[in-house]
Each structure stands twice: as C-alpha cells, then as structure tokens.
Amino acid sequence: MSPGLLHDDSLREELARTLRVAHRLGFVTLLGHASARINGGEKILVTPGRTPGRPPPNRMTNSDIITVDLDGQVLEGKFPSPRDLAMHLAIYRARPDVGAVLHTHQPEMLAFGIVRRELLPLAHQSADMVQLPLPRFGHGELIVSQAQGEELAKVVGDAPACHLAGHGLLVVGSELADALKRAHQLEELAKMNRLAVSMGKFKTVSADEAARIAGQRAGVEDFRDYYASLDPGPEPAPAPTPRPDSVDAVKELVATACHILYRFGVIQHLEHVSHRLPGKDRFIISPRGNLGQIRPEEMATVDMSGKWVDGPKPPPPFRFLHRDIFVARPDVHAVVHTHEIYGSVYPAAGLSIPPVHRTGAQVVRDPLPVYDIADLIFDEEPRRAVVELLGHGPIVHERAHGTDYVAGTIEEATAAAIHREWLGWLYHRAAQLGSPQVLPGSVLAKLPEEEPSPADWWDYWVGL
C-alpha cells in the first residue's frame, strides 16, 4: 500500500519511526526533522520543532507528530513546527511528485556540502542520483521565510537532494522510505568518494547504465520492511538533570559529564572535570581512572587551598589549575579539561578550526589563546600564565597537552568541548576534499538564538 493512502495514524507512526531510524544510522542527532504529505494533498505531517518537552529524534513517537497545512498553520499537535518548516512547504508546493522530505546532518555528506566537490557515480544504487551535480543552497542560514523556501525550491528543481552548505542535507522522495533510502545511499556514496580522492581516476556508472539499472530496480526493491527492522523504538526519557545545589547533586553532575565526554572521545582517564560547590569554598573534581565508568561517590572534594578534604580517591595534581581558575573567575562554576585529538593538533600546527558548520561555530569563532610551552601545568608559574591567557574567555589551550573549557554551567563547558572537537573532525575531512566554506558573519550573529542550548544538548546526550 502506498503511504499516500495510509491512514493518518499509520503515517504518523511511520514518520516517527523514520526519524528514529535516521538517528540510529547517524543521519540526525538532536537536530534533524522529517515530513510526509497526507494522501498526496495539502496537509503535511511533520516532526516538531525544538521547544521544552519536545523529544529528540531517538525518543520520537507518533503522538509527537504535528499536522500543518501548506501555509504552515499548525492544525493539530502539542508542539510548534520546526523553525525551518518553510523549506518543507516550498518543496511540497513546487514538487507534486514529492511525498516526503528529510532534513539530515549526516557526516559524510556534511563534509561534501561545505566544499565544492561533486560526487562521482561509483555505485549502482545511487548512480542515477548524481549524474548531475547535487545542487547547493545557502551559506549556513536557516530557511525560515516563504521567500527563502521558494528560492530553495528553484535551486532544488527536480533533484533528489540538495546540500545546505554549513547546515545539512535536504533529501526528497516519493514516500518516507524512498527519502530515507536516498539519504542512506548518498551517505555510502560519499564514503566511497572520500576514499577515492587519493586514488586517481575511476570507472564510473554512465547515465545510460544508471538509467538501465534504475529500470531493473523498479518494482523490485522495497526498503520499507528493511528500515522498519532497524527501528529501535522510542528510547525512554532520562531522569531530570539535578540542580547543582547540594554536594550529592554536584557529584552526580560531574560524573555524568565524565560519561558524556568519554562517549565522544575527548576524555579517557587522565583528564578532569570539576564543579564549584554552592555556598562553600570547595569544589568537586574527578579523580584519575576510567572516566566512562566513574561513579558520583568516587569524586574528590578539594578546598580553595588545593587540599584534598573528602572522597575515597585522591584528586589529581591538575586540581591546582582548577583551583586557580575558580579563584580568578567567580563567574566560573565548571571546568572541563580534555585531551582531544583535532583540538590539539590544529593549535600545534599554528592553525585555527574555522566555523564551517552551525554546530560548534560559536565555540571557535574567537581566537584561541594558547600556552605555547609543553608542560603539565602543575607548578605555580605556568598555572599563572595559563590563567592570564584565559582571561575572561571560555577556553584556553596548552600546547601538546590539552584544553580547558570554563563556564557558568557544566552543560555549557561539556557542550563546548564536544562541539569544538567535532567541528575540527568535520573541517579536517572537508579540507581533504577541497576548500571548506566558512559561515558568514550574518549567520554567526544569529546562532545564539537559533541553535540548541547547551542544556538541550546535555538532555539529549544523557538520553543516549
């Protein structure tokens, strides 16, 4: 049965499932959304916009889906529509053949999206999609107005997908499974193309071959059952994050930050996370050990002289730099010290990580202060120099050592550490393909009000 003929409830479930599967495949994270046309008409089901209480893609259920008309009016649902709903609506108005739209942040295609490099048709499954270069639109901005949407629709034309440079990927299909299949095949093709960059010339699938293969596939391949089999189901919401108003709550926050940072590879066992205790001249700091498994009760308590006053394991010598930062910066309540890869290599080369994608751009838009001496920062003189370099800023880097992220909340420090390393990873992959496009100042200026907050990211990561 064509999804265009499905009952609304069935289509709602398929839409929620599509986003959960896209999350499992790594195509969406906290960000990303999908929509489907109801019965080929002028009503659209769409996953909701970001708002308090709105679940991320991995927790999406059919009850979260909203109904809108082609003017963007919400007809049914408990959440608001996505901020960039305009691009979905414009595509539906311009393309009667389109029954589903998927907006992803899939990593391989992101790298190709921020450079001007065409995908070679190296695989039979995706060859018909890239006989012509995929169109590109924008410079990282959100598509929020009807005029922007109509401009996008003109650029997309009859294409199956469009790069949203510095933002993501827009994929269209006759139905949800078709759009997800296209996103999946393009991601696999991008992996092949990235490998092909250093390998010389390739035999590719010609337009005639691609057309013949597409005809052979017609009526044979049905991806709906396959993608349904990948559905993990909606994941449960995590317990609410405690407020840092007690010793036990702060210990739990520090342990959770360690688990999140470990998951994303920016800490392992020699790094440290700390948080000021409320109303006391003390702070909690993680001891050495497997930081992916550390428990709240293992945390060390340190006073502002640097003395270990409580906890089953001794605090690290690096605690004195944390102490110095807390003393110098009353606005700082959390410090995250990392040993990341990309975030360390680029400063060592005298290079910056440019803001080439919306996620992480706010972290790298200002110059990075670097303590340019290889040292463990145990002694008083290097500690003083590092604190002076940090000044009133949020980040300081120690060459050949690591980076300190400081903030008023542990969510903010954690998000900065993860997003800077992710952006370095993305930029490096893209730079191997061409010249990455940097976000313009007009886009950077709007990011604080448009992008998810550190608390939003924290809630999503805890749920993983």
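Note that the structure is predicted; figures quoted are calculated from it, not measured.

Chemist: How should I be thinking about the overall build of the protein chain in this particular structure?
Modeler: Each helix and strand in the protein chain was counted, giving 15 helices and 16 strands. By the compact-globule yardstick of 23 Å for 464 residues, the protein chain fits well, its C-alpha radius of gyration being 24 Å. Overall, the protein chain is about 75 × 50 × 40 Å in size when its C-alpha atoms are taken along their principal axes. Here the protein chain holds 464 residues, and the buried ones make up 53% of them. Taking all contacts inside the protein chain whose residues are at least 6 apart in sequence as the whole, residues at least 24 apart take part in 69%. Within the structure as shown, the protein chain displays about 20,100 Å² of accessible surface, and the carbon and sulfur contribution to it stands at 51%.

Chemist: Explain the packing of helix α1 (residues 8–24) against helix α5 (residues 176–196) to me, please; I cannot follow it from the model alone.
Modeler: Each pair of packed helices can be described by the angle between their axes along with the distance between the axes. At a closest axis distance of 10 Å, the pairing of α1 and α5 adopts a crossing angle of 10°. For the element pair α1 / α5, the angle class is roughly parallel. Residue-level inspection shows L11, E14, L15, T18, V21 and A22 of α1 in contact with α5, the latter providing L176, A177 and L180. The residue inventory of the contact of α1 with α5, partitioned by class, reads seven nonpolar, one polar and one charged.

Chemist: Just checking my understanding: could you explain the nonpolar core for this structure?
Modeler: What tends to happen in soluble globular proteins is that the nonpolar side chains get buried as a cluster. Formed by 51 residues in total, the largest nonpolar core has its most connected members in L102, M109, L119, V130, L134, L180 and L186. Breaking this core down by element, the ones donating at least two residues are α1, β1 (33–37), β5 (100–104), α3 (107–113), β8 (168–173), α5 and α13 (410–431). Among the elements that line this core, the one with the most residues is α5, at eight residues. In contact with L102, other than residues within four places in its own chain, are H33, A34, L169, L170, V171, A179, L180 and A183. Counting 33 residues, the second-largest nonpolar core is a separate cluster that includes I260, L277, M299 and Y460.

Chemist: Help me out: how do you make sense of the sheet that holds strand β15 (residues 395–398) in this one?
Modeler: Within a beta sheet, neighbouring strands are joined by backbone hydrogen bonds and run either parallel or antiparallel to one another. Read across the open sheet, the eight strands follow the order β12-β11-β10-β9-β13-β16-β15-β14; overall the sheet is mixed. Edge positions in the sheet fall to β12 (308–310) and β14 (370–371), since each of these pairs with one other strand and no more. Here β14 pairs with β15 via two bridges, running parallel. Considered in β15, the bridge of Y371 is made with E398. Packing of α13 onto the sheet brings it into contact with β9 (272–276), β13 (334–338) and β16 (402–407), and relative to β16 it is tilted by some 145°.

Chemist: Explanation requested: the environment of D245 in the structure shown.
Modeler: With respect to the helices and strands, D245 occurs in the loop between α7 (224–229) and α8 (247–263). On the basis of relative accessible area, D245 is assigned to the exposed category, the value being 55%. Note: C-alpha distance between D245 and A400 (155 residues apart in sequence) is 36 Å.

Chemist: What is the right way to read empty space enclosed by the protein from this model?
Modeler: All chains considered together, the criterion is met by two cavities of 30 Å³ or more. Lining the largest cavity are E14, R17, T18, V21, L176, A177, L180, R224, Y227 and A228. Here the lining of the largest cavity gets four residues from one element, more than from any other, and that element is α1. Of the residues belonging to the lining of the largest cavity, the class tally is six nonpolar, one polar and three charged. Taken as a whole, the second largest cavity spans an internal volume of roughly 30 Å³. Tallied by class, residues from the lining of the second largest cavity come to four nonpolar, four polar and one charged.

Chemist: Help me understand a nonpolar patch on the surface in this model?
Modeler: Among the surface-exposed residues, L120, L195, M199 and F202 lie close enough to one another that they form a single nonpolar patch of about 390 Å² accessible area. The topology assignment puts F202 in the loop between α5 and α6 (207–217).

Chemist: In this structure, what is going on with the pairing of β15? I would like to understand it.
Modeler: The side chains of a regular strand alternate between the sheet's two faces. Alternating positions in β15 separate into two faces, I395 and H397 on one and V396 and E398 on the other, with burial throughout. Following the backbone out of β14, through helix α12 (residues 380–390) and into the adjacent parallel β15, one traces a crossover that is right-handed. Note that β15 and β16 share four bridges and pair antiparallel. Counterpart to I395 in the pairing with β16 is Y405. In textbook terms, the turn of a hairpin is the stretch between consecutive antiparallel strands, and for β15 and β16 this stretch comprises three residues, one of which, A400, has a positive phi near 65°.

Chemist: So what exactly am I meant to see when it comes to the layout of surface pockets here?
Modeler: It is the rolling of a water-molecule-sized probe over the atoms that shows where space remains empty. Roughly 790 Å³ of volume is contained in the largest pocket. Along its surface, the largest pocket is lined by 41 residues, and G360, Q362, V363, V364 and I395 are the ones closest to its centre. Of all the elements in the fold, those that place two or more residues in the lining of the largest pocket are α10 (342–348), α11 (361–364), β16, α13, α14 (441–450) and α15 (454–463). Here the lining of the largest pocket takes six residues from α13, the largest share from any one element. Along the lines of polarity and charge, the residues of the lining of the largest pocket split into 27 nonpolar, eight polar and six charged.

Chemist: Help me understand the side chain of K181, please; the structure alone is not making it clear to me.
Modeler: One can find K181 in helix α5. A distance of 3.2 Å separates the side chain of K181 from the side chain of D178, its partner in a polar contact.

Chemist: Can you walk me through the packing of aromatic side chains in this structure?
Modeler: Between two aromatic rings, the relevant description is the distance of the centres plus the angle of the planes. Here the structure, examined in full by the defined rule, presents seven aromatic pairs. An angle of 25° between the planes, with centres 6.1 Å apart, marks the rings of F223 and Y227 as stacked. Each member of the pair, F223 as well as Y227, is classed as buried. Taking the centre distance of 6.2 Å and the plane angle of 70° together, the rings of W457 and Y460 count as edge-to-face. Separated by three residues within a single helix, W457 and Y460 lie in helix α15, roughly one turn from each other. Y460 matches W457 in its accessibility class, with the two residues each being buried. Members of the aromatic cluster, each reached through a chain of ring pairs, are F264, W457, Y460 and W461.

Calculation rules
Residues numbered from 1 in each chain as written. Predicted model: local features only at pLDDT ≥ 70, side-chain atom pairs only at ≥ 80, totals over all residues. Heavy atoms only, no water. Helix = DSSP H or I, 4+ residues; strand = E, 2+ residues; numbered from the N terminus. Rg over C-alpha atoms; globule rule 2.2 N^0.38 Å. Buried < 20%, exposed > 50% of the residue type's maximum accessible area, 1.4 Å probe, protein only. Contact = heavy atoms within 4.5 Å. Areas by Shrake-Rupley, 256 points an atom, 1.4 Å probe, with all protein chains shown as cover. Axes fitted to C-alpha atoms, helices over the stretch in contact; angles between N-to-C directions. Parallel < 35°, antiparallel > 145°, perpendicular 65-115°, else oblique. Nonpolar A, V, L, I, M, F, W, Y, C, P; charged D, E, K, R; others polar. Core = buried A, V, L, I, M, F, W, Y, C linked by side-chain atoms within 4.5 Å. Pairing = 2+ DSSP bridges. 1 Å grid on protein atoms, 1.4 Å probe; cavity = no way out; pocket = protein on both sides within 12 Å on 5 of 7 lines; lining within 4 Å. Points joined across faces, edges and corners; volume = space filled by probe spheres on them. Patch = residues over 30% accessible without salt bridge, like charges linked within 9 Å, V, L, I, M, F, W, Y side chains within 5 Å. Salt bridge = Lys/Arg side-chain N within 4 Å of Asp/Glu carboxyl O. Right-handed = clockwise from strand over helix to strand, strands pointing away. Polar contact = N/O pair within 3.5 Å; in protein donor to acceptor, adjacent residues only side chain to side chain. Phe/Tyr/Trp six-rings, centres within 6.5 Å; stacked < 30°, edge-to-face > 60°.

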